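# Reading the structure
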Amino acid sequence: MSAAKAKRRGKKMRDQPVSVQYPPCTPSKGGGQDEGTPDAHPSTSRSKSSQQRSGWIRGHQKDGGGYAKEMPKHITAGAFARARAAEVSAMLKAVTKTTGSCHVFGALPKHMRRRAMSHNTKRLPCRLRAAANRMREKSLLSGSKKKKEKAKRKSRKARRRHGNLLLEFNRRQRKNIWLETHIWHAKRFHMVKKWGYCLGDRPTYKCYRPCYRAMSSYCLLQDLSYYCCIELQGDESKLLAALSQLTSKEAGPTFAAALSLSGQRQGSVVVYRAGQYPSQPLGPVTFLWRPRAQDSSHRQLWIWAHPTMKMDLLPELRSVCLCCEPVSSPVVPAVTPAPNLELEPTPEKTLGSRRVTGTKRKQFFKDGSGPPAKKILGDGTRSPTTPVTWKSSPTGIVINDLTMEVVRYRLIGPQSHSVLAETLEAATDCDETSKSLPSSLWWPEHCRDHSKMSLHQQQADVYHTLKGIYSTGELPPGTVLGLTVDDPRLTLPAKKVKAVPCVKQAEEGSEDQRRELMLRGVPEPCCQSFLWEQSVRNNVTENKIPEQELNHMSSEVLVPGSRLKPTPLQGRVPILLVQQPGKRVGHEMSCWGAGWDLLVPKGWGMAFWVPLVYRGIRIGGLNMSLKHSQNKGAPHFPHDYPDCPAGVRFQEEQQAELLDKFRRRPPAKRTNYIKHGCLAPFCCPWQQLAEEWELISGEGGEGGTGASQTQTEAEGDAVVEVMTSHKDLTVMKPTRRVAVLRSKKSLRLLSAWCRPTTSRGQRPCRGGEAAPLDGLAVTSFLDAHGLSLVWVRLSLLSKGKPELHAMVCAPTTEDLQLLKKGPGSGGPQEPPHRDHFKSRIKCKKTGLETAATSKEPDHPSSSEPSHMTSGELASSPQSSVDLVFGLWPDPLPSVASHCSRVTLGWVTQGDFSLSAGCGEALGFVSVSGLLSTLLRQAKEHRGTLLLRNPTSLHYRFAKINIEV
C-alpha cells in the first residue's frame, strides 16, 4: 500500500478500538479445507491471494476486499461504544457543517458561490431558499430592536481640549514626575523612566556626530531640572562647622573655599558620611552660596545633587545640622492680579465661575469636588503632608527641600554665551506711572529702590560685556552672574536662526572691562539675584502671562513681528547664570565642554526653552550627558562611583538589565563568556579584586628594586598561592569596603609614576616624577591606600574600540617586546578556555541530572589557567538549575589570575573618541595591582597595559593616564 493510501486508511480507522481481535485469516472456498492442503482447487489461487492481502483497499472488491467474514472472538464494550460514538459524531458534524461561512449560501460549492446570492435568495437552490429567508427575517428583526448602548469613548477633539489634557497629564504624573519640557521631549525623544522621573534619553533622529560638533564648536542644550536642590539657611560659622564633617581638604576645595564662600564661584565636592573620609562616600554635589548681606552673618546655601543621591544626602545633612523638627509648610495666600491691567483672567483660574451657553467643552462641579484643570508646577506629586522643611532649635539652621522649585538648563559649547546674549535681554525699567501706583507685582516695588536699580544696571553692564568674549571657556571656572531679564518670548524670532558672536562690537568699546572680566570674574555685588527669595519666585510664577494672551497682545502691535512695547509688568524674571568650566584635568583639550547653567523660577521652563531652541542649538538627553563626561575624562554619576550607595544600586540594576537581555537571546546566539575567560561580563567585582591584590602585595607582591626583572605571569601564581594558603585568613579578617582614591596629593604622585602622555601616547607630557619609583615608595603608598581603586583613562595605541566591562590587564615581558615592531602592532591572544559547566547544562536539559552528578566533571586543560580542581567543581554548591549557558556561576574564582594575563581592573565607559581620534576607555584599576605592574616595567614601557573586550580574545595595547 502506498503512503497516501496508508494515510487515508489511518484517518478513517483512527477511532477503531484496539481491543477488537480477529481470528487468523484462513477461510476456504469449498469444504472449509486449509490453504495448504493438496486437495485445494486451482481456482482458489485468486481467492487465496486476496485473502493474504491484509489491510484496507480503496474501492469495491468482488471478494470482499480481504476483510474477515467471521465475527471477532471478543470485544471490549467501553472501547467499542466510544468508537461508534465517535463515528456517529463525525457523521452528524459532516452533515450539518457549512463550509466556513455562517450564511446559508456558504454551504454551496465554491464554484457556485456568487455575491448576488447574499442579496437575492431566489438565486439560491430550492433546498436552501427557506433557510436563507429565515436568516434574512431574523436580521431585519434584530435591526429594529434597540441595542444596549456601550460606553462611547470621547472623540479626539474632546480629548485634546486643554482642560481634559491637563487632567490626563496630571493623572499620568502620579508615578513618574514630568519636567516642564516633557511634552516637547516626548514628541522628539525616546523617553525612559528613571529615578522617579520620565526623562528623554536620546533623540528619535540620528544626531550623534552633530551633537558632538555642537559641544565642540557651537552649543548643546540639556534640561537638568531633575537634579535636586537642598537649601540651608543659618549662621555662617554653624553651617561651616556642620558641613566640615562631610568633606576633607585632602580631596580638594570644600564648602569653606574663599571664592565659593563669597558667592562669586560655584563649587563642587564629593560628600562623605560624617567623619568617615576616605570611606563611605555619598557622591558629588555642586553648591552655591548666596553673596553676603551687609552687617549680617546669616547665609543661604544651595546644594545640587543627583536624585539617586538625595535619599542618602538629605538624612546626613539633617543629622550634622541637628535638624530633626519638621516644619509644616505655611499656606501661601493666592496672589491677586495687579490692578489697572488690561489682562483677562485665564480660563484655568475662572473655571466654574461662568459657563458659555451652547458649549459642552468643560465639566462643572457645583460642590467643587471635581479636580481643577490646573497644571502641576514643581514637585506637586508628593503628598501635602510630606515635610519639606526642617529646623534645628540648638543651631537655628533651617533645611528646605527645593526639588523642582527651580528649573535648571545646561548650555554646553564655546558659543553658549552668544546664544544667551541673543535670547535674553536685561529687564527694562518701569515708567513713572507704574511706580506710583500700588501693585502686587515684585518688579514695580523693586524699581522704587534706587540702590537696587543701580545694582541691576551694573549687572546689565557686565552682561553686555559678556557678549564680547570669544569662548565661554575664557571665563574663570564657576563664575556666577545674577540678572533680571525680560520675558524671552517677546524677542522670539520668526524662524530658527543661529547666534553669531559679536566680538568686533566689543573690541571697539570696553576692551579693558572684558579683560578684567576674564581675569577676575564677575564682581561680588553682581552675583546677587532675587531668585534666592522664595516670595519673588512665587510672585513670578503666579503672575506669568499665559501664551494665549501674550499672542493676542502681540497680534495688536502696529508693525507685525515687532517687539511688544511697553513690556508687560509680569514679564520680569530673576535668573542666575553659572559658568561650567568643562574639562579641567589633563594636559590637553583644556576647557572642552565649557558652558553655562541657566537657573529660572518654576513655571517658566517652556518660556525659556523655546526661545533657546529657536537659536539653532542642538538638544541632548541622558545619553549625551554620558558622552559629555566621557569626552571630558570625568566620572559620571552614578555610573562611575562604585564606592557610593547610589553607584552600588546602579551596578545591580545594570547587571539585572544586561543579564535579562542576555537570557532573551537563543543559546546558539549568545557569547560563551566562560570560553573567553570573562568571569563577570555584566558587573565589576571591585571588592573581590581589591582584596586579592591587597593580599598579593602583603605576601611579597613587591620585591624591591630587583623585582623589575621578574616576569608578570609569576603574579598569577602568587595570587593562587596566597589565596589558597590563606583561605581561613580571608574569612576571619574583618572586611573593609573598597574606596576610590581621591586624595589630590596621592593622585599627583601616582600620575607622575605612570608617565602621562597625550591621548594617543605619541609623546610624554611635561612634568617629571615627584619621587623615584622604588619598593620603599610603593610600600609606604600601599600602607595608606592598599584597598583602593584609582580612576584612569586608557588610550589605545592601535585600532580597536573599548566596550563596557572590558578587562584591564598587565602585559608580560614577551608582550612588551611586540611594541618594538611599532605602536600599531597587534597585541597577544588569550588562549580559549574550557567550559566545565556545559555538560551539566546538557544533563539538566535531558533530565539526567542524577547520572551527571555521579560522574566526575571534566578536568581543566593544560592551557586553562583556572585553578578550580575537579573536586571543587563537583562539590560546588551551585546546582545546574541556576546555571546559565555561557556564564560563570557564583561564587567566582580568583578574578585577578583567571586569565593568562593578570587583571588589574575594568572599564566603565568605552567608545571611539571623536576628540582624540582613537579608542578611549575610562575605568578603575586596583592601586596595588597598578603599582606592582609599574615596578616590573622598564621606564620606556612604564604605564603600558593591555585591554580586552568581554567578547574578544584579542588584547590591545593601551597607555594609562591618571589626570589630576
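Everything below is about the structure shown above.
Structure report, in brief. Quick caveat: nothing in here was measured; it's all calculated off a predicted structure.

Take empty space enclosed by the protein next. Within this structure, the stated rule accounts for 8 cavities of 30 Å³ or more. Estimated volume of the largest cavity: approximately 140 Å³. What lines the largest cavity is a set of 16 residues, and nearest its centre among them are Leu179, His185, Leu199, Gly200 and Asp223. With 3 residues, strand β3 (residues 197-203) is the single largest residue contributor to the lining of the largest cavity. Within the lining of the largest cavity, the residues separate by chemical class into 7 nonpolar, 8 polar and 1 charged.

On to the sheet that holds strand β8 (residues 298-305), then. Spatial ordering of the open sheet is given by β6-β7-β8-β5-β11-β10-β9, a layout of 7 strands whose pairing is antiparallel. Edge positions in the sheet fall to β6 (267-272) and β9 (325-327), since each of these pairs with one other strand and no more. Put simply, the sheet's adjacent strands are angled 30° from each other on average, direction ignored. As judged from the 3 bridges shared by β9 and strand β10 (residues 389-391), these two strands associate in the antiparallel manner. Looking at the pairing, Pro326 lines up with Trp390 of β10.

The 3 strands are arranged β1-β3-β2 in an open sheet whose pairing can be described as mixed. The strands lining the two open edges of the sheet, one partner per strand, are β1 (177-178) and β2 (189-194). Across 2 bridges, the pairing between β1 and β3 is parallel. In the strand pairing of β3, Trp178 is matched with Cys198. Helix α21 (residues 622-632) rests against β2 and β3 of the sheet, and its axis sits at about 70° to β3.

This part covers the environment of Ile230. Here Ile230 lies in strand β5 (residues 228-235). Ile230 gets classed as buried once you look at its relative accessible area, which sits at 1%. Through-space distance from the C-alpha of Ile230 to that of Trp304 is 6.5 Å; in sequence the pair is 74 residues apart. Those residues within four positions of Ile230 in sequence are excluded, and the remaining contacts are Leu301, Trp302, Ile303, Leu313, Leu314, Leu317, Ile399 and Asn400.

Turning our attention to a nonpolar patch on the surface. Together, Val88, Met91, Leu92 and Val95 give the surface a local cluster of nonpolar side chains, amounting to about 400 Å² of exposed area. Here Val88 lies in helix α3 (residues 77-96).

A separate point is the side chain of Gln651. Among the structural elements, Gln651 can be located in helix α22 (residues 645-664). Take Gln651: its relative accessible area is 18%, and that puts it in the buried class. Separated by 2.9 Å, the side chain of Gln651 and the backbone oxygen of Cys684 make a polar contact. Excluding residues that lie within four positions of it along the chain, Gln651 makes contacts with Cys683, Cys684 and Trp686.

Moving on: α21. Burial analysis of α21 places 9 of its 11 residues in the buried class, which makes it a mostly covered element. Taken residue by residue, α21 has Leu622, Met624, Ser625, Lys627, His628, Ser629, Gln630, Asn631 and Lys632 as its buried positions. One or two positions beyond α21, positive phi appears at Gly633, with a value near 75°.

Attention now moves to the state of the cysteines. One pass over the structure, following the stated rule, counts 0 disulfides. Not engaged in a disulfide, the cysteine Cys430 finds its nearest cysteine sulfur in Cys447; these two sulfurs lie 3.6 Å apart. Owing to a relative accessible area of 6%, Cys430 belongs among the buried residues under this scheme.

Formed by 72 residues in total, the largest nonpolar core has its most connected members in Leu750, Val790, Leu794, Leu930 and Leu931. For this core, the element with the most residues is strand β18 (residues 788-796), which contributes 6 residues. Aside from chain neighbours lying at most four places away, what touches Leu930 is Leu750, Cys754, Val790, Leu904, Val925, Ile960 and Ile962.

Counting buried positions over the 7 residues of strand β13 (residues 480-486) gives 7, a clear majority of the element. Burial of β13 is two-sided: the residues Val480, Gly482, Thr484 and Asp486 facing one way and the residues Leu481, Leu483 and Val485 facing the other way are all buried. Of the strand pairs in this sheet, β13 and strand β14 (residues 572-580) are connected by 7 bridges, and their pairing is antiparallel. From the neighbouring strand, Gly482 faces β14, where its bridge partner is Leu576.

Calculation criteria
Residues numbered from 1 in each chain as written. Predicted model: local features only at pLDDT ≥ 70, side-chain atom pairs only at ≥ 80, totals over all residues. Heavy atoms only, no water. 1 Å grid on protein atoms, 1.4 Å probe; cavity = no way out; pocket = protein on both sides within 12 Å on 5 of 7 lines; lining within 4 Å. Points joined across faces, edges and corners; volume = space filled by probe spheres on them. Helix = DSSP H or I, 4+ residues; strand = E, 2+ residues; numbered from the N terminus. Nonpolar A, V, L, I, M, F, W, Y, C, P; charged D, E, K, R; others polar. Pairing = 2+ DSSP bridges. Axes fitted to C-alpha atoms, helices over the stretch in contact; angles between N-to-C directions. Contact = heavy atoms within 4.5 Å. Buried < 20%, exposed > 50% of the residue type's maximum accessible area, 1.4 Å probe, protein only. Patch = residues over 30% accessible without salt bridge, like charges linked within 9 Å, V, L, I, M, F, W, Y side chains within 5 Å. Areas by Shrake-Rupley, 256 points an atom, 1.4 Å probe, with all protein chains shown as cover. Salt bridge = Lys/Arg side-chain N within 4 Å of Asp/Glu carboxyl O. Polar contact = N/O pair within 3.5 Å; in protein donor to acceptor, adjacent residues only side chain to side chain. Disulfide = S-S within 2.5 Å. Core = buried A, V, L, I, M, F, W, Y, C linked by side-chain atoms within 4.5 Å.

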